[in-house]
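# Coordinate analysis (summary)
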Amino acid sequence: QLQLVESGGGLVQPGGSLRLSCVASGFTLDYYTIGWFRQAPGKEREGISCISSGGRTNYADSVEGRFTISRDNAKNTVYLQMNNLDADDTAVYYCAAGRGYFCSGRISHYGMEYWGKGTLVTVSL
């Protein structure tokens, strides 16, 4: 069964950090672009970062300079390091994989083939 599983979400205070993980099972991530998306209550899903199979990274303006995406193909895992979190970062975070996905410009959900079920990040005092 092909699936992605996110972990690492939780409650964090403003200014704090979290690291999310996205682990693939049933397939290898080596040839896939991986994206991170988030959806806050009442808002549309937002693409925030992606990393290509070759390691090229891309970030939305809303997280540029605070979030870092990385991948460890040996562990079939992609990470999202999130620093200096604020209340606007509260959302369910999803990872997705797309083999032909072009990781540049606006990070759209179109072209992503596999999705995880999400992990909740809450930034609050």
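Refer to the structure above for everything that follows.
Residues numbered from 1 in each chain as written. Predicted model: local features only at pLDDT ≥ 70, side-chain atom pairs only at ≥ 80, totals over all residues. Heavy atoms only, no water.

## Section: the overall build of the protein
- Counting its secondary structure elements, the protein contains zero helices and 11 strands.
- N-terminal to C-terminal, the α/β element order of the protein is β-β-β-β-β-β-β-β-β-β-β.
- Taken over the C-alpha trace, the protein has a radius of gyration of 13 Å; the compact-globule value for 125 residues is 14 Å, and the two agree within 12%.
- Across its three principal axes, the protein shows a C-alpha extent of roughly 40 × 30 × 25 Å.
- Within the protein, the fraction of its 125 residues that count as buried is 45%.
- Across the protein, contacts joining residues at least 24 apart in sequence account for 59% of those joining residues at least 6 apart.
- Surface exposure of the protein reaches about 6500 Å², of which carbon and sulfur atoms provide 47%.
- Taking the average place of the 11 positive charges on the side chains of the protein and the average place of its 11 negative ones, the gap between the two points comes to 4 Å. (Helix = DSSP H or I, 4+ residues; strand = E, 2+ residues; numbered from the N terminus. Rg over C-alpha atoms; globule rule 2.2 N^0.38 Å. Buried < 20%, exposed > 50% of the residue type's maximum accessible area, 1.4 Å probe, protein only. Contact = heavy atoms within 4.5 Å. Areas by Shrake-Rupley, 256 points an atom, 1.4 Å probe, with all protein chains shown as cover. Lys, Arg positive; Asp, Glu negative; His and termini not counted. Charge placed at Lys NZ, Arg CZ, Asp CG, Glu CD.)

## Remarks on the state of the cysteines
- In total, this model carries two disulfides according to the counting rule given.
- C22 shares a disulfide with C95; S-S distance 2.1 Å. Taking the sign of the torsion about the S-S bond as the criterion, the disulfide between C22 and C95, at about 70°, is right-handed. Of this pair, C22 sits in strand β3 (residues 18-25) while C95 sits in strand β9 (residues 91-98); the two residues are 73 residues apart in sequence, bridging distant segments of the chain.
- Through a disulfide, C50 is tied to C103; the S-S separation comes to 2.1 Å. Across the S-S bond of C50 and C103 the torsion is about 100°, and the bridge reads as right-handed. (Disulfide = S-S within 2.5 Å.)

## What to know about unusual backbone geometry
- Backbone geometry places N76, a non-glycine residue, at a positive phi of 55°.
- With respect to the secondary-structure elements, N76 resides in the loop between β7 (67-72) and β8 (77-82).
- Owing to a relative accessible area of 13%, N76 belongs among the buried residues under this scheme.
- You will see that N84, though not glycine, has its phi angle at about 50°, which is positive.

Function-wise, these values are silent; they only describe arrangement.
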